[in-house]
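# An overview of the molecular structure
If you want the building blocks of each chain, they are given just below.
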Amino acid sequence: MKPRRRRRWTRWAKRIASHVVLIIACIFAVFPIYFIVVTSLSTLPIAGITAHVLLPNPSQLTLSSYNTVLLHESPSYLSLLENSLIFSGSAAAIGLLLAAFTGFALSKFNFPGRRTFVYFILLISLFPSVVMIIPFYLMFAKLGLIDSYIGLIIPYSAGAVVFSGILVKNYMDSIPDDIEEAALIDGMSRTEAFFRVMIPLCLPVLGLAAFLAFMGPYTDYAYAHVFLTSSDKWTLALGLYNINSSDTGTQNYGLVTSFAIVMSLPIVAFYMVFQRYIIGGLTLGAVRG
Amino acid sequence: MSGITLQNITKRFKTETAVDDVSLSIQDGEFVVILGASGSGKTTILRIIAGLEVQTTGHVFIGDVLVDDYEPRDRNIAMVFQSYALYPHLSAYDNIAFGLRVRRIPREDDPDRDRHLTHQEIDGKVRGVSQMLGIAEMLQKRPSELSGGQRQRVALARAIVRDPEAFLLDEPLSNLDAKIRSNARIELKRLHQRLRQTFVFVTHDQTEAMTLGDRLAIVNHGRLLQCDTPERTLSHPLNQFVASFVGSPEMVFLEGNVESTGGGFTFVKGPVRIPVRGTGSPGAVTIGLRPWDIRVEKASTPGTLSGRVTGVERLGSSDQLFLDVASPPGASPTTPAAPVSLRALVRAYDFDVGDGVFVGFDPDRALFFNAEGGRLESMSISSPLP
């Protein structure tokens, strides 16, 4: 009986220890979100004050910041959202298509310099994208693409291709050549085999790639700030900064946090729709076979 | 359906030659097995027929049509891959129907134009083939939900449903459990007898080759060494490689020398001396014997060598004996030599390790090879053993 008892004790101890660790980790993950939510429901002067955040008085909570952010800011939230969706959506669509082609070519075609090309792309992805802003700006200024939609969609898409191309390539490497060859024997051209066999098989990684390609431009501040001069093309990230640096000189935490929340809602929605694919993409390799 | 002709096919990858000047003519409706060890180039030959690899030199004909410049899809051949290569995202039904959906056939009213198959036509074909292969009940399942044997049937169904010119099979049985493999073998043979189509089957397993093939094409280092019926490859191998590769248990080889003795020649290997004829000059010669052609007896009879059983491998219905053969009884070798090792296939449980035995063989069954492994057709044993 004795050893059994001891084992039960150690099991309990382990369980408690792991729960303590997880609860602490959870606080770190959840508290900032909680902070933002509570602050967004508060107005000055109590917004952001620690005592209020830890023990909010329900009667002091109000939706007035949301009202301001959604309806009384200029440029309007809807205009900012529209621009963000245009930039992120285009970059995700174009980047994804090109990444699929790039990944397919790098994985399944034999051409001279293929390995070099793969290493070259990996090398490019090591540079922070901010490094490229100045050359891009000079280049696009000459081409007259500053302060235009297309001028920002190009670097966003390029960024998506660099990263997602490798992602797709690695995934396609794990798909046996046999399957594509079976499609060729079944009467398909390589193009048909690509669209009817390889693309459906790559949906998990393409979902992940789409999400990442969407997230990048959506949260980008540096490029948008440099490239977009007129406020009617501003994105949500620029709008957030604009609210933060209001001309009154005081930081209105209520406004900033409520803007942050409405800005993150589309991403949450996007994630929920593609969750199946994204999680599949993140756990690649773990569940093969 | 059509025959397939390979004309002086050579395939070189960067530095190595995978297929070396292979010419092979496969008859319409014939079942040809390409047999070789892994890396021998047998799969490359199949892929060249399919059009998945392009030969460096030489020509491929399907029927009478030169298909060197044809894409795989225009060759109208079907292939069953070792991995089956089913589309993982499609049900068994869709896997089988997939090729039919992209296929175009001439229109009845206007043969110059083509059309897709109708939904009913596809459904009819898929159900017909599935019925034939006994997979009608599992058509809605994904490949991951099927057993190995079922996947193999789906892969076969996908090939059959297209009614191709020829079937190419790349080790389709090697991923199956031993138990269902022999069943699958028989079913494949029956399928061929029923379809009467051209089958090209690649394998490294000689049992599969012997049981399935109308003819065996034995390949080594990219070269086609012999293409013959299973019986002929066993009884008349063209060289030592074929002799050792085909037949189980493997042929016994005695590597020795032919020496000039008096008026004739004698094969000498340790204490064993065998009078031979048909050679022009002395030199290194190898004698090959099938283990089942070697006679093992408990009592001495004329023409036997004395020996000892050093090992027994129980194969079930028969035993393979490992024997050390010493000098023939009565003979006194001038130089004592190490005993010669032989293997013999005998009835099960007749002998045990350590038994003293007498070994003989039918002189007509011995095959002779030169030092390069080439067959010496003219040589034979001139008289019974002393």
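Every chain begins its residue count from 1, and numbering advances along the sequence as written. Whichever chain is written first is A, and whichever ligand is written first is 1; the rest continue in order. A pLDDT threshold of at least 70 governs which residues receive local features in this predicted model, and a stricter bar of 80 or more applies before side-chain atom pairs are shown or counted, although totals over entire chains, interfaces and linings include all residues. Each side-chain value is derived from all of the structure's non-hydrogen atoms; neither hydrogens nor water enter the calculation.

### Quick notes on the overall build of chain B
Definition in use: Each helix is a run of H or I in the DSSP string that is no shorter than four residues. Each strand is a run of E no shorter than two, and both are numbered from the N terminus. The classification of residues rests on relative accessible area computed with a 1.4 Å probe and restricted to protein chains. Under 20% of the type maximum is buried, over 50% is exposed, and intermediate values are partly exposed. Residue contacts are defined here by distance: any two heavy atoms, one from each residue, within 4.5 Å place the two residues in contact. In short, Shrake-Rupley with a 1.4 Å probe defines the accessible areas, and a residue's cover is counted only from the protein chains shown.
In terms of helices and strands, chain B carries nine helices and 23 strands. If one aligns the C-alpha atoms of chain B with their principal axes, the spans along those axes are about 90 × 45 × 35 Å. When the 386 residues of chain B are sorted by exposure, 50% land in the buried category. In chain B, of all internal contacts separated by at least 6 residues, the share reaching a separation of at least 24 is 67%. Carbon and sulfur atoms form 47% of the exposed surface of chain B, whose accessible area is close to 17800 Å².

### As for unusual backbone geometry
Note: most residues except glycine have negative phi, and most peptide bonds are trans. All names here are of chain B. Omega for the bond connecting Ser248 with Pro249 falls within 30 degrees of zero, at -5°, which places this linkage in the cis form. Located in the positive-phi region is Asn8, a residue other than glycine, with phi close to 45°. Within the secondary structure layout, Asn8 lies in strand β1 (residues 4–13). Its identity as a non-glycine residue notwithstanding, Arg196 has a phi of 55°, on the positive side. Tracing the chain through its elements places Arg196 in the loop between α6 (178–195) and β10 (198–203). By relative accessible area, which is 45% here, Arg196 ends up partly exposed.

### Let's talk about the domain arrangement of chain A
All names here are of chain A. Formally: What fixes the domain bounds is an automatic or database domain assignment. Buried area, as used here, totals the accessible surface that two parts lose on assembly, with accessibility defined by a 1.4 Å probe and the loss added over both. Within this document, salt bridges are pairs made up of a side-chain nitrogen of Lys or Arg and a carboxyl oxygen of Asp or Glu, the two lying within 4 Å of each other.
Domain boundaries in chain A define domain 1 (2–66) and domain 2 (83–282). On a C-alpha basis, the centres of domain 1 and domain 2 stand 34 Å from each other. Listed as interface residues are 10 residues of domain 1 and, on the opposing side, nine residues of domain 2. For the pairing of domain 1 and domain 2, the buried interface totals around 760 Å² over both sides, and the portion due to carbon and sulfur atoms is 78%. Sorting the residues of domain 1 by area buried against domain 2 places Leu44, Ser65 and Tyr66 first, and these three jointly supply 53% of that buried surface. Inspection of the region where domain 1 meets domain 2 yields zero salt bridges.

### Here we look at a positive patch on the surface
Quick note on the threshold: The patch calculation keeps residues exceeding 30% relative accessible area without a salt bridge and links them within 9 Å when they carry like charges or within 5 Å when they are nonpolar (Val, Leu, Ile, Met, Phe, Trp, Tyr). Neither His nor the chain termini are counted; the positive set is Lys and Arg, and the negative set is Asp and Glu. One atom stands in for each charge, and that atom is NZ of Lys, CZ of Arg, CG of Asp or CD of Glu.
Judged by side-chain charge, A:Arg7, A:Arg8, A:Arg11 and A:Arg15 come together as a positively charged surface patch. Tracing the chain through its elements places A:Arg8 in helix α1 (residues 2–40).

### Digging into the sheet that holds strand β2 (residues 16–26) of chain B
To keep it simple, the criterion reads: By definition, two strands form a pair when at least two bridges between them are found by DSSP.
Judged by pairing direction, the sheet is antiparallel, and its four strands sit side by side in the order β2-β1-β4-β5 (chain B) without closing on themselves. In this open sheet, the two strands that pair with only one neighbour each are β2 and β5 (65–66) of chain B.

### Structural notes on the interface of chain B and chain A
Note the threshold: Here a polar contact is taken to be a pair of N or O atoms separated by no more than 3.5 Å, where protein atoms must pair a possible hydrogen donor with a possible acceptor and residues adjacent in sequence count only if both atoms sit in side chains. Each residue is assigned to one of three groups, with Ala, Val, Leu, Ile, Met, Phe, Trp, Tyr, Cys and Pro labelled nonpolar, Asp, Glu, Lys and Arg labelled charged, and all others, Gly among them, labelled polar.
Taken together, the 21 residues of chain B in the interface contact 16 residues of chain A. Note on chain B versus chain A: buried area summed over both sides is about 1700 Å², and carbon and sulfur give 64% of it. Our count for the chain B to chain A interface comes out at three salt bridges. B:Arg73 is paired through a salt bridge with A:Glu192; the nearest N and O atoms lie 3.8 Å apart. Put simply, chain B and chain A have six residue pairs in polar contact (both at pLDDT 80 or more) between them. Mapped onto the side of chain B that touches chain A, the elements with two or more residues apiece are α1 (42–50), α2 (72–75), β6 (78–80) and α3 (92–102) of chain B. If one sorts the elements of the side of chain B that touches chain A by residue count, α3(B) sits on top with four residues. Residues that form the side of chain B that touches chain A fall into these classes: 13 nonpolar, three polar and five charged.

### Re the domain arrangement of chain B
All names here are of chain B. Segmentation of chain B into domains returns domain 1 (4–238) and domain 2 (252–381). One C-alpha centre belongs to domain 1, the other to domain 2, and the line joining them spans 42 Å. Listed per partner, the contact involves six residues of domain 1 and five residues of domain 2. Of the roughly 430 Å² buried where domain 1 meets domain 2, counting both sides, 50% is carbon and sulfur surface. Summed over the three residues of domain 1 that lose the most area to domain 2, namely Leu234, Pro237 and Leu238, the buried surface amounts to 81% of that side. Summed over the shared surface of domain 1 and domain 2, the result is zero salt bridges.

### Quick word on the side chain of B:Thr198
Residues and elements named next belong to chain B. The residue Thr198 is located in strand β10 in this model. By relative accessible area, Thr198 is classed as buried at 0%. A polar side-chain atom of Thr198 sits 3.0 Å from the main-chain amide nitrogen of Gly29.

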